[in-house]
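# Structural description and commentary
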Amino acid sequence: MNDILCGIGGRLKEWRKANRMTQAETAELLEMSLNFYGDIERGKCRLSIEKIILVYDKLGIDPTYLLTGTKSPTVGFYDIIKDCPKDKIFDMEQIVRYASNLYRKNNKND
């Protein structure tokens, strides 16, 4: 588990340095304490699911890459829809809308 946490921390540190940010600036952006963020970079603490989503929203780091180090191909909503059978597009749009609303509702409570 420690290797996984160190990998996640290393990828966050790599992003932070590439974007010329301090740990304090990154911690503030991710709505966490400087000490907690520093422990994440050092692989001593783990991120919650909510924080992984926040990393994606605020830093643009793909969760798959953050967790595994594997870069996934860029696939957007419209890439998924174009391959969706015509009679299922409405259902797909509703699922995405529901997930988006659920995410927003949960973040208002934080």
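Refer to the structure presented above.
Residues numbered from 1 in each chain as written. Predicted model: local features only at pLDDT ≥ 70, side-chain atom pairs only at ≥ 80, totals over all residues. Heavy atoms only, no water.

### Section: the pattern of salt bridges
According to the stated counting rule, one finds two salt bridges in the structure shown. Ionic pairing is found between Glu41 and Arg16, a salt bridge with its closest N-O pair at 2.6 Å. Highlighted residues: Glu41 in helix α3 (residues 34–41) and Arg16 in helix α1 (residues 2–18), separated in sequence by 25 residues. Asp39 serves as the salt-bridge partner of Arg42, at 3.0 Å between the closest nitrogen and oxygen. (Salt bridge = Lys/Arg side-chain N within 4 Å of Asp/Glu carboxyl O. Helix = DSSP H or I, 4+ residues; strand = E, 2+ residues; numbered from the N terminus.)

### As for helix α4 (residues 49–59)
Those residues of α4 not exposed but buried are Lys51, Ile52, Leu54, Val55 and Leu59. An end-on view of α4 places all buried positions within 160 degrees of arc, on one side of the element. Away from its buried face, by an angle of more than 90 degrees, α4 presents the exposed residues Ile49 and Glu50. For α4, the secondary structure elements touched by its buried residues are α1, α2 (23–29) and α5 (63–68). Just beyond α4, the residue with positive phi is Gly60, at close to 75 degrees. (Buried < 20%, exposed > 50% of the residue type's maximum accessible area, 1.4 Å probe, protein only. Arc of directions from axis to C-beta. Contact = heavy atoms within 4.5 Å.)

### Let's talk about α3
For the α-helix, the turn length of 3.6 residues means that residues three or four positions removed from each other point alike. Within the span of α3, buried status applies to Tyr37, Gly38, Ile40 and Glu41. The arc enclosing the buried residues of α3, seen along the axis, measures out at 155 degrees, which places them on a common side. Here the buried face of α3 lies against α1 and α2.

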